[in-house]
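# Remarks on the overall topology
Below are the chains, spelled out letter by letter.
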Amino acid sequence: KVEKQVRWVTVGTFPHGMDIIFIEHELVEHDIPYVKLDETTVQVIPHLSQAMGGVRLQVAPNDVPRALAILGSAGVAI
């Protein structure tokens, strides 16, 4: 069986991984799979966060509207 590869879409960027914890909980509660990019690098070398664009939160394309609604309700500027 060949699985279709997901192309993730960035729905938000955050200066630190800790800024995503509440949103991660909400995504899990709504069964929205997600990935975080560059979280470890930002934790290890925090002064690179701005240059790298921070920690990127990504979801599958079909989950973008629901994820953006969750970010909006959490007060994250979109």
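Please refer to the structure higher up on the page.
My aim in this report is to walk through the structure given alongside it, one point at a time. (Residues numbered from 1 in each chain as written. Predicted model: local features only at pLDDT ≥ 70, side-chain atom pairs only at ≥ 80, totals over all residues. Heavy atoms only, no water.)

### Observations concerning the nonpolar core
Note the cut-off: We define a nonpolar core as any set of buried Ala, Val, Leu, Ile, Met, Phe, Trp, Tyr and Cys residues linked to one another through side-chain atoms lying within 4.5 Å. Buried, partly exposed and exposed residues are distinguished by accessible area as a fraction of the type maximum, computed with a 1.4 Å probe on protein chains only: under 20%, between the cut-offs, and over 50%, respectively. Helix and strand labels come from DSSP, where a helix needs a run of H or I of at least four residues and a strand needs a run of E of at least two; each type is numbered from the N terminus. Any two residues whose heavy atoms approach within 4.5 Å are treated as being in contact.
Counting residues in each nonpolar core, the largest one holds 14 residues, and the members touching the most others are Val11, Ile23, Leu27 and Leu57. At the level of elements, strand S1 (9-14), helix H1 (21-29), strand S3 (55-59) and helix H4 (64-73) are the ones that each hand at least two residues to this core. It is H4 that provides the largest number of residues to this core, a total of 4 residues. Filtering out sequence-adjacent residues up to four positions away, Val11 remains in contact with Leu57, Val59, Val64, Ala67, Leu68 and Leu71.

### Looking at H4
Because the α-helix completes a turn every 3.6 residues, residues three or four places apart line up on one side. Put simply, the rule reads: Arc, as used here, means the arc of the directions from the helix axis to the C-beta atoms.
Among the residues making up H4, those that are buried are Val64, Ala67, Ile70 and Leu71. For H4, the arc enclosing every buried residue in end-on projection is 125 degrees, short of the 170-degree limit, so these residues lie on one face. Opposite its buried face, H4 presents the exposed residues Pro65 and Ser73, each directed more than 90 degrees away. Contact partners of the buried residues in H4: S1, H1 and S3. Positive phi shows up at Gly75, right after H4, with a value of about 85 degrees.

### As for the sheet that holds strand S2 (residues 34-37)
Note the threshold: Any two strands with at least two DSSP bridges between them are considered paired. Note on geometry: axes are C-alpha line fits, over the in-contact stretch for helices, and angles between N-to-C directions span 0 to 180 degrees.
Pairing is antiparallel in the open sheet, where 3 strands are placed in the order S1-S3-S2. The open sheet is flanked by S1 and S2, the only strands paired with a single partner. Put simply, the sheet's adjacent strands are angled 25 degrees from each other on average, direction ignored. In terms of strand pairing, S1 meets S3 through 5 bridges, oriented antiparallel. Within S3, the residue paired with Val9 across the bridge is Val59. Packed on one face of the sheet, H1 meets S1, S2 and S3 and runs near 155 degrees to S2. On top of the sheet, H4 reaches S1 and S3; it is set at about 20 degrees to S1, its chief contact.

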